[in-house]
Amino acid sequence: MTTALEGLRVLDISEGLAAPYAAKLLGDLGADVIKLEPPEGDEARRRGPFAGAADIEASAPFIYANTSKRSVVVDPSNPNDLGLQARLLADADIVISHEIEPALAARGLGYEHLREQNPGVVLVTVTGFGSNGPYADWQWNHLIAGALGGFTHLCGRPDREPIQMGATVTETLTGAYAAVATLIAVRAAGEHGRGDHVDVSAMETAVNAALLPVQRYDYTGAIGVRSADVGPAPSFILPTADGYVGANVLTQAQWEMMCQFFGRPELIDDPLFSDAWSRMENSRELANELAEQTRSRTSEDVFHDAQTWRIPFGLIPNMAEVLNLLPHREREFIFEFEHPRAGRVRMPGVPWMFGDERPHGRRTPLLDEHTEEVRSSSLSPRSGGGDADGSGGLPSRPLEGLRVIDLSMFMSGPMTSLIFADAGADVIKIESVQRIDGWRAGGSSDDFWWEWAPQFNWVNRNKHGVTLNLNDQRGSDVVRHLVREADILVENYTPRVMGNFGLSYEQLHEINPELIMISMPGFGLTGSWSHYTAFANTTEQMSGLPHLTGYADDQPIFSGTTGGDPLAGVMGALALLAALERKRRLNADGKPGGCHIDLSQTETATCFTGEAITAYSISGNDPGRVGNFHPRIAPHGTYPCRDDRWIAIACETNAQFADLARLIGRDDWLEMASDFVHRDAAREAIDAAIAGWTSSRDAVELMRTLQELRIPAGAVYTGRDLLEDPHLQAREFFITQRHTHAGDHRYPLQPYRFRNWSRPEADRPSPTLGRDTREVLARLTSLTEAEVDRMEADDVIGTIPLAARGD
């Protein structure tokens, strides 16, 4: 199989986790990634956990985020090294950095400097807050990004402090978004001959993934409460004889099945559980009752039993169990290699297959391993592109000209297609009046209730809305016709469904050999669990995230947000963009470029706990649930503020702790400023003193004071805070769109900016049901008006769900 990104040259000048993870994803897909490191190495080499004693060659975070790269050391005091760096910069298609663009420009590495020698270069800056705006040079880490991005507000129990989501999801997810934006810019550079500066923000990434705080507040005025011990609809994490199991429901039908499954059919008609809201209010008492039925059974027994009922239960594996899950073994998802210093390493691999072949990366390099190899190689500078100033003849957005057929529902698949829609692709979303997208539920009780759901109206903007009954031959025939001129088809059904419609990949490939189709079921298209049903909570649980999320003295909890959906959505977009690059090269060789992508949403979620999985693999260290604790940072937590607010504070360096001590007036702490062991031992007393000091202060004002001292800090933001935040306003992060029924509302844009391309327009809100059906049929099919009228009379198309009709 042709490697997807073969021939693409990436220069990784970044450190940490987020930006290197972006480069790793490109490398695992076949790009040639050269990692430039200072003589002491990337700072992630010193993070740990380590394989044995502290060893910069055996750090789990570095090993996970730096597969498939070549390590080259550049000493900034050595003219020869600087010459090599200049040569590599001139040769690269992509340059990835963890610094804001103005900081790079101050060193002669900004976008304008780079494109003077390399007009087609794509510069990608992956930072906490983006390269411009009031917070651009603020300090951040996973704790701070989660607090400011809306995650932390919802994570935890209502009577305890808010906590970070386990693993380092905000960092790796930022890296994944960066990889997606990079390939969008690369495709545009190939099509139109100009490079770009792509600016990626971790705070904005967190807002996109958390979703609920902003949309809930904007639609209802409610800021929500922490209740991550219970999931939506409601869902539960219940104790079993050997651990825990996730009892998840999303729809009314699943709720009724779960009542039957637990032998409690009377709950279906009980007024206390008549709808999702009342069920949530009474959920904790119900959880205690259900737990009595699961305590005597194993997790696997409950899980498999519930799946036979088609209820999306999930396991709650620890790190060892994640590595050995049956579908991971059957689908060969775990990437394994021997490392010269860390020994045997096992980690999540690429979470999809092109056809029946899965891309595989290469082991993580040692420091300086490839310097001489690269120095002695012959590099041919890029010829560059045309105008970089956006002169005439270019489209306004980078993916204009692509057509995407979107058959997916709920959030994961629509998030994938939204990335394409926001970048200018022609996305046609298909539902039916018989079965509307389930994400439309949960809005208003208005006569047009299906048009009020904030989550639907967010992930479906900039799309054409079409209704087609795919169980009717006329409906599925329209899809076959649309596929003839389509580039991409997205679907997230369980494996049997597309075949039942007569729309399997094999059938569609006969119509259009160039079609790229992505299937995104919960457990992939193959393996013993492929027919199991899964939603966001299921995939979040199967990844091990709840095992890592929660208080040290408590059971696993939910993340409090939309679970594994955004993780699958961004990875789905990455898979498609990589497939488009693969198709371009195959077509250049006179070969067809279509393919079928088999993506497992459980695997995509697992990629974002990959650092913890890798750490367990090389060290045997499984941290479990630790609340806000960080083994190498103290203090590191959330602290109460005035007006029932909270603030996250993390002192990553000795200097930051010394500055905090002086600010608080605790000069007696200064002796600990250069002694982390002493500080770590006094962590509990330090936390208590900080909490006493912060409790009378305003969270936002204190955040600004601490950041002025270069101390990482972030107020725990609600949806209202996010919508009113001056930094996000300065970056024009929210777009206001007017929906026919829901009215004017604000929605977050993608967490990246292209310097040379326009952002999404405000005049194309999410479609009302079937809004564009007739227009699309007239534009893209040969159906007569009489035939379309007949289809509407027969409910093959329509604008009102059958469930909402009075007849």
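A. View of the sheet that holds strand 21 (residues 645-650). With respect to topology, 3 strands assemble into an open sheet ordered 20-21-22, the strand pairing being antiparallel. Two strands close off the open sheet at either side, each with one partner strand: strand 20 (636-641) and strand 22 (713-715). Here the average twist between neighbouring strands, direction ignored, is 20°. Note that strand 20 and strand 21 share 6 bridges and pair antiparallel. By the bridge assignment for strand 21, H636 is matched with A650.

B. Examining the confidence of the model for the protein chain more closely. Of the residues in the protein chain, 97% have a pLDDT of 70 or more, and the chain-wide mean is 94. Every residue in residues 383-391 is under pLDDT 50, and counting partners more than four places away or in other chains gives 14 contacts.

C. How the structure looks around the packing of helix 28 (residues 654-664) against helix 30 (residues 683-694). In contact at an axis separation of 11 Å, helix 28 and helix 30 are set at 50° when each is read in the N-to-C sense. Considering the angle they form, helix 28 stands oblique to helix 30. Classified by chirality, the crossing of helix 30 by helix 28 is left-handed. Across from F657, L660, L663 and I664 in helix 28, the residues of helix 30 making contact are I686, I690 and W693.

D. Up close: helix 3 (residues 79-91). Under the 1.5 Å per step criterion, the end-to-end length of helix 3 is 19 Å for 13 residues, consistent within 8% with the ideal 18 Å. Regarding helix 3, the residues found buried are D81, L84, Q85, L88, L89, A90 and D91. For helix 3, the secondary structure elements touched by its buried residues are strand 1 (9-12), strand 2 (32-37), strand 3 (69-73), strand 4 (94-97), helix 5 (111-117) and helix 17 (371-376). For helix 3, the side-chain oxygen to backbone nitrogen distance between the N-cap and N80 is 2.8 Å, and the N-cap itself is N78.

E. Layout of the pairing of strand 14 (residues 403-406). Residues R403 and I405 point to one face of strand 14 and V404 and D406 to the other, with burial holding for every one of them. As for the winding sense of the linkage, the β-α-β connection from strand 14 through helix 18 (residues 412-422) to strand 15 (residues 426-431) is right-handed. Where strand 14 meets strand 17 (residues 488-491), 3 bridges bridge the pair, whose relative direction is parallel. Of the residues in strand 17, the one forming a bridge with V404 is I488.

F. Structural view of the sheet that holds strand 9 (residues 243-247). Pairing within the open sheet is antiparallel, and its 4 strands lie in the order 7-8-9-10. Two strands close off the open sheet at either side, each with one partner strand: strand 7 (230-231) and strand 10 (314-315). Alignment of strand 8 (residues 235-240) against strand 9, held across 5 bridges, turns out to be antiparallel. Across the sheet, the residue bridging to F236 is A247, located in strand 9. Here helix 14 (residues 299-308) sits on the sheet in contact with strand 8, strand 9 and strand 10, set at roughly 15° to strand 9.

G. Representation of the pattern of salt bridges in the model. Taken as a whole, this structure holds 64 salt bridges when the rule is applied. Among the salt bridges present, the one from K69 reaches D12, with a minimum N-O distance of 2.8 Å. Residue K69 is found in strand 3, and its partner D12 is found in strand 1; the two are separated by 57 residues along the sequence. The partner of R70 in a salt bridge is D32, with the nearest N and O atoms 2.9 Å apart. With R70 in strand 3 and D32 in strand 2, this residue pair connects regions lying 38 residues apart in the sequence. Counted as one network, the salt bridges with shared partners bring together D12, K35, D42 and K69.

H. Summary view of the pairing of strand 15. Burial analysis of strand 15 places 6 of its 6 residues in the buried class, the great majority of the element. On strand 15, burial covers both faces: D426, I428 and I430 on one face and V427, K429 and E431 on the other are all buried. Sheet analysis places strand 14 next to strand 15, joined by 4 bridges and oriented parallel. Residue pairing in the sheet places D406 in a bridge with K429 of strand 15. Two strands pair when backbone bridges link them, and strand 15 and strand 16 (residues 464-467) are joined in this way by 4 bridges, in the parallel orientation. From the neighbouring strand, E431 faces strand 16, where its bridge partner is T467.

I. Looking closely at unusual backbone geometry. With an omega of 5°, the peptide bond between G48 and P49 qualifies as cis. Here P49 lies in the loop between strand 2 and helix 2 (60-65). Positive phi, normally seen in glycine, also occurs at R310, with a value near 65°. Of note, R310 is situated in the loop between helix 14 and strand 10. Its relative accessible area of 29% is what places R310 among the partly exposed residues. Even without being a glycine, R710 presents a positive backbone phi close to 70°. For R710, the position within the fold is in the loop between helix 31 (699-708) and strand 22. Note on R710: relative accessible area 39%, which makes it partly exposed.

J. Representation of the packing of aromatic side chains. Under the counting rule described, the total for this entry stands at 27 aromatic pairs. For the pair F523 and W529, a centre-to-centre distance of 5.7 Å together with 85° between the ring planes defines the contact as edge-to-face. Residue F523 shares its accessibility class with W529, and that shared class is buried. Ring-pair connections join several aromatic residues into one group, and the members of that group are F261, F262, W309 and F313.

K. Fine view of the environment of Q215. If you trace the backbone, Q215 turns up in helix 10 (residues 212-220). Separated by 33 residues in sequence, Q215 and T182 place their C-alpha atoms 28 Å apart. Among all residues touching Q215, those that are not within four sequence positions of it are P454, W458, R746, Y747 and P748.

L. Quick look at the environment of Y64. By secondary structure assignment, the location of Y64 is in helix 2. The buried category is assigned to Y64, whose relative accessible area is 1%. Distance in space between the C-alpha atoms of Y64 and C607 is 9.9 Å, their sequence separation being 543 residues. The residues contacting Y64, other than those within four sequence positions of it, are Y21, K24, M347, P348, C607, G610, E611 and T614. Side-chain polar atoms of Y64 contact the backbone oxygen of C607, separated by 2.6 Å.

M. Representation of the environment of H509 in the model. On the secondary structure map, H509 appears in helix 22 (residues 505-511). According to the relative accessible area criterion, H509 is partly exposed, its value standing at 27%. Considered as a pair, H509 and R484 are 25 residues apart in the sequence and their alpha carbons are 9.5 Å apart.

N. Main features of the nonpolar core. W352, F420, I597, F608 and Y752 are the most contacted members of the largest nonpolar core, which totals 144 residues. Dropping the residues within four chain positions of it, W352 is found in contact with L29, R358, P359, M571, L574, A575, I597, D598, L599 and E603. Core analysis: the second largest hydrophobic core is formed by 47 residues, L148, W646, A661 and F733 among them.

O. Just the state of the cysteines, in detail. Per the stated rule, a full pass over the model turns up 0 disulfides. With no disulfide of its own, C155 has C641 as its nearest cysteine by sulfur position, at a separation of 18 Å. You can see C651 has no disulfide; the closest cysteine sulfur is in C641, sitting 14 Å from it. Given a relative accessible area of 1%, C651 falls into the buried group.

Rules behind the numbers
- Residues numbered from 1 in each chain as written.
- Predicted model: local features only at pLDDT ≥ 70, side-chain atom pairs only at ≥ 80, totals over all residues.
- Heavy atoms only, no water.
- Pairing = 2+ DSSP bridges.
- Helix = DSSP H or I, 4+ residues; strand = E, 2+ residues; numbered from the N terminus.
- Axes fitted to C-alpha atoms, helices over the stretch in contact; angles between N-to-C directions.
- pLDDT = per-residue confidence, 0-100.
- Contact = heavy atoms within 4.5 Å.
- Parallel < 35°, antiparallel > 145°, perpendicular 65-115°, else oblique.
- Left-handed = near helix turned anticlockwise from the far one by under 90°.
- Expected span 1.5 Å × (residues − 1).
- Buried < 20%, exposed > 50% of the residue type's maximum accessible area, 1.4 Å probe, protein only.
- Polar contact = N/O pair within 3.5 Å; in protein donor to acceptor, adjacent residues only side chain to side chain.
- Right-handed = clockwise from strand over helix to strand, strands pointing away.
- Salt bridge = Lys/Arg side-chain N within 4 Å of Asp/Glu carboxyl O.
- Phe/Tyr/Trp six-rings, centres within 6.5 Å; stacked < 30°, edge-to-face > 60°.
- Core = buried A, V, L, I, M, F, W, Y, C linked by side-chain atoms within 4.5 Å.
- Disulfide = S-S within 2.5 Å.

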